[in-house]
Amino acid sequence: MRRIWALVVMLCMAYGHPVWVLTPQGRLQGGLNQNAQVAYFLGIPYAKAERWKAPAPVLRLEGVFKATEPGPACPQRGVFTTRLGGYIPPQSEDCLNLGVWMPLAPPPPEGYPVMVWVHGGSFTGGSWAEPLYDGTALAAQGAVVVGLNYRLGSLGWLALPALQAEDPRGSTGNYGLLDMLEALRWVQRNIGAFGGNPDNVTLFGQSAGGMAVCTLMATPSAKGLFHKAIIQSGGCEYVRTLEQGLAWGVRWAAQMGCGAGDLACLRQLPLERLFPPEDLSIGALLQRVEAGEFAEVPWKPHLDGVWLSQVPLQALRVGLAEGIPLMVGATAQETWGERLTGPSDWAGFAERVEVRRPGQGERARQLYQARYAAPAEAWAYFQTDRILLCPTLAAGAAQARHAPTYSYLVTWASPVLDFLGSFHGIELPLLFGTETTWPSRALFLTAEAVEGSRPLAQALQSQWLHFARTGEPYLQGWPETKSGYAMGFDVRPGLIPDPYPGRCGLFR
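The structure contained in this document is the topic of the report that follows. In this text the structure is predicted, and so the values were computed from the model without any measurement.

### Examining the overall build of the protein chain
Next, step 1: On a plain count of helices and strands, the protein chain comes out with 19 helices and 17 strands.
Next, step 2: Over its C-alpha trace the protein chain gives a radius of gyration of 22 Å, about what one expects of a compact globule, namely 23 Å for 508 residues.
Next, step 3: If one aligns the C-alpha atoms of the protein chain with their principal axes, the spans along those axes are about 70 × 55 × 45 Å.
Next, step 4: For the protein chain, the accessible surface area stands at approximately 19,400 Å², while carbon and sulfur atoms represent 55% of it.
Next, step 5: Once the 39 positive and 41 negative side-chain charges of the protein chain are each reduced to a mean point, those two points are 4 Å apart.

What follows is the structure in structure tokens.
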């Protein structure tokens, strides 16, 4: 079947006809990137969902579905890239769609490895259709790449007693998680028609997308829907108890002017009430970062006892994801912008730490003062370690007991904007080969930046692709996490000591 439909796509291209595939869902007409020899199918609806209800799969599309443009993004207030002018499609509640990129060359007998991307955005923003996440470059090297949307913010993660009571399984607060599960089921049913192997699916995501990957590793209903995982700058503890979610949901409903039990009122609220405009000034953005905005956001997966019963990190520790090879890593300076609002003296550093890690202010001061010259710089590293780097590497340490696991650290910084350091998400345009998209383009404005980053881009792409094919990284000199080593991704990749013991003693 895979060979037949890959051949059909190639014949259509050769004879000037639209690129199309026949899937179990129906016939899809896509587009063609002639230079990359990649076909793409965009905006494919995988499910429909009423507000705060489980998604229903779209099993059949009538006629020929034109899949040449991205589908709507899920309602949101935006993400950092869109605040800087990056593109995102128009928003609609009918947003459960995905994109597929496939090589035009006939697949191997077993099919191409499948890479399913989960976008980040604090569980409140983003879309697979952001140009940053275009799957062309990875698909051109022999993989079928899928990007998916899931419900965001209050639409994806609201927990209420009334919603729990109306749900057949007594669940609430995990509508975005249910969307991800439904998208993965779509992959299992349909990806063979694109030349992909449904028995070789790698789930990868960054930031909240990485957290979602770990959450799915801890979700029993996801078992068998994917077979390998990559967590980029995520972590496995960013979930909320159901009690927390229900208490917040009741307060939130009151803020919306509805009773917590008045679902009709809540379901009639216009989107502009659910997602009000925000202050986009630089000062406001820095204030949100300093306040630890993401840690305080209530919109996250919930331990509802139905779909998710354990904190994902604990689930990994006890072997719930046994046998799933895992790659984990982060950037060295995830929250580097916090230097701008960091403390001016070490006493202030200790006071800030004490607020976030009670009883550890003085110990943290001693540790970080021994490593860094300035308290503001130390604060940026402390926040990097606390929020993203250490939680991500902790996932690798947990899974290393139960499956092959590999750790990495990105230390590359753009020579154009070197003061930004190796900030959160800097590896994404290199991994996806989307350096010319805005706002990533600002990092690669000089020939030095473009040429200097090519070895790193090639290394990232080859490592991720080889891991997707085999469950092992490409470089044979990259040993498993349990060896005590990790891969350092700078201008030239190289082996480094595992940063987890040295940087994360305060957080283990």
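Resuming the write-up.
### Some details on the pairing of strand β15 (residues 405–410)
Next, step 1: Where burial is concerned, most of β15 is hidden: six out of the six residues are buried.
Next, step 2: Burial along β15 is two-sided: the residues T405, S407 and L409 and Y406, Y408 and V410 are all buried.
Next, step 3: Bridge analysis of β15 against strand β16 (residues 485–489) gives three bridges, and the strand direction is parallel. If you follow V410 over to β16, its bridge partner there is F489.

### Observations regarding unusual backbone geometry
Working note: non-glycine residues mostly have negative phi, and peptide bonds are mostly trans.
Next, step 1: W438 connects to P439 through a cis peptide bond whose omega is 5 degrees.
Next, step 2: Its identity as a non-glycine residue notwithstanding, S122 has a phi of 60 degrees, on the positive side.
Next, step 3: Within the fold, S122 resides in the loop between β8 (112–118) and α3 (136–139).
Next, step 4: The backbone of F123 shows a phi angle near 65 degrees, a positive value even though the residue is not glycine.
Next, step 5: Relative to the elements of secondary structure, F123 occurs in the loop between β8 and α3.

### Observations concerning the nonpolar core
Next, step 1: Formed by 110 residues in total, the largest nonpolar core has its most connected members in F41, F194, F226, L266 and Y368.
Next, step 2: Counting residues per element, this core draws most heavily on helix α16 (residues 375–399), which supplies 13 residues.
Next, step 3: Once residues lying within four places of it in the same chain are set aside, the contact partners of F194 are V21, T23, L28, F41, I44, V100, M102, V144 and W186.

### Overview of the state of the cysteines
Next, step 1: Applying the stated criterion to the full structure yields four disulfides.
Next, step 2: Note that C214 is cross-linked by a disulfide to C236, the S-S spacing being 1.9 Å. Handedness here is read from the sign of the S-S torsion; for C214 and C236, about 105 degrees, the answer is right-handed. One end of the pair, C214, is in helix α7 (residues 208–217); the other, C236, is in the loop between β11 (228–232) and β12 (240–241), and 22 residues separate them in sequence. Here the two residues C214 and C236 agree in accessibility, since each one is buried.
Next, step 3: There is a disulfide in this structure between C390 and C504, and the S-S distance comes to 2.1 Å. Because the sign of the S-S torsion sets the handedness, a value of about -85 degrees for the bond joining C390 and C504 places this disulfide among the left-handed ones. With C390 in helix α16 and C504 in the segment after α19 (499–503), the pair connects residues that are 114 residues apart, well separated along the chain.
Next, step 4: Using a relative accessible area of 0% as the deciding quantity, one classes C504 as buried.

### Quick word on the packing of helix α14 (residues 346–356) against helix α15 (residues 361–371)
Next, step 1: Look at α14 against α15: their axes get within 8 Å of each other, and the N-to-C directions meet at 130 degrees. Between α14 and α15, the interaxial angle falls into the category oblique. The hand of the α14/α15 crossing is right-handed. Only G361, A364, R365, Y368 and Q369 of α15 make contact with α14, whose side of the interface consists of W346, F349, A350, V353 and E354.
Next, step 2: The class makeup of the residues in the contact of α14 with α15 is six nonpolar, two polar and two charged.

### Brief notes about the pairing of β16
Next, step 1: Among the five residues of β16, four are classified as buried, and the element is accordingly described as predominantly covered.
Next, step 2: By the bridge criterion, four bridges tie β16 to strand β17 (residues 494–497) in an arrangement that is antiparallel. In the strand pairing of β17, G488 is matched with G494.
Next, step 3: Where β16 folds back onto β17 in an antiparallel hairpin, the turn is made up of four residues.

### Quick word on the environment of P429
Next, step 1: Note that P429 resides in helix α17 (residues 428–432).
Next, step 2: For the pair formed by P429 and T172, sequence separation is 257 residues and the distance between their alpha carbons is 35 Å.
Next, step 3: Those residues in contact with P429 that lie beyond four places of it in its chain are L132, T434, E435, S440 and F444.

### Points about the packing of aromatic side chains
Next, step 1: For the structure shown, the criterion picks out 29 aromatic pairs.
Next, step 2: Between W117 and Y133, the ring centres sit 5.2 Å apart and the planes meet at 50 degrees, which makes this aromatic pair tilted. Of this pair, W117 sits in strand β8 while Y133 sits in the loop between β8 and α3; the two residues are 16 residues apart in sequence, bridging distant segments of the chain.
Next, step 3: When its relative accessible area of 1% is taken as the criterion, W117 is described as buried.
Next, step 4: Taking the relative accessible area as the measure of exposure, Y133 reaches 6% and is therefore buried.
Next, step 5: On the numbers, 5.3 Å between centres and 65 degrees between planes, the contact of Y408 with W464 is edge-to-face. Separated by 56 residues along the polypeptide, Y408 in strand β15 and W464 in helix α18 (residues 447–470) bring together distant segments of the chain.
Next, step 6: Taken together, the ring pairs in this structure connect W336, W346, F349, Y368, Y372, W379, Y381, F382 and F507 into an aromatic cluster.
Next, step 7: Looking at R51, its charged tip hangs above the ring of W52, at a distance of 5.6 Å from the centre.

Parameters and conventions
- Residues numbered from 1 in each chain as written.
- Predicted model: local features only at pLDDT ≥ 70, side-chain atom pairs only at ≥ 80, totals over all residues.
- Heavy atoms only, no water.
- Helix = DSSP H or I, 4+ residues; strand = E, 2+ residues; numbered from the N terminus.
- Rg over C-alpha atoms; globule rule 2.2 N^0.38 Å.
- Areas by Shrake-Rupley, 256 points an atom, 1.4 Å probe, with all protein chains shown as cover.
- Lys, Arg positive; Asp, Glu negative; His and termini not counted.
- Charge placed at Lys NZ, Arg CZ, Asp CG, Glu CD.
- Buried < 20%, exposed > 50% of the residue type's maximum accessible area, 1.4 Å probe, protein only.
- Pairing = 2+ DSSP bridges.
- Core = buried A, V, L, I, M, F, W, Y, C linked by side-chain atoms within 4.5 Å.
- Contact = heavy atoms within 4.5 Å.
- Disulfide = S-S within 2.5 Å.
- Axes fitted to C-alpha atoms, helices over the stretch in contact; angles between N-to-C directions.
- Parallel < 35°, antiparallel > 145°, perpendicular 65-115°, else oblique.
- Left-handed = near helix turned anticlockwise from the far one by under 90°.
- Nonpolar A, V, L, I, M, F, W, Y, C, P; charged D, E, K, R; others polar.
- Phe/Tyr/Trp six-rings, centres within 6.5 Å; stacked < 30°, edge-to-face > 60°.
- Lys NZ or Arg CZ within 6 Å of the ring centre and 35° of its normal.

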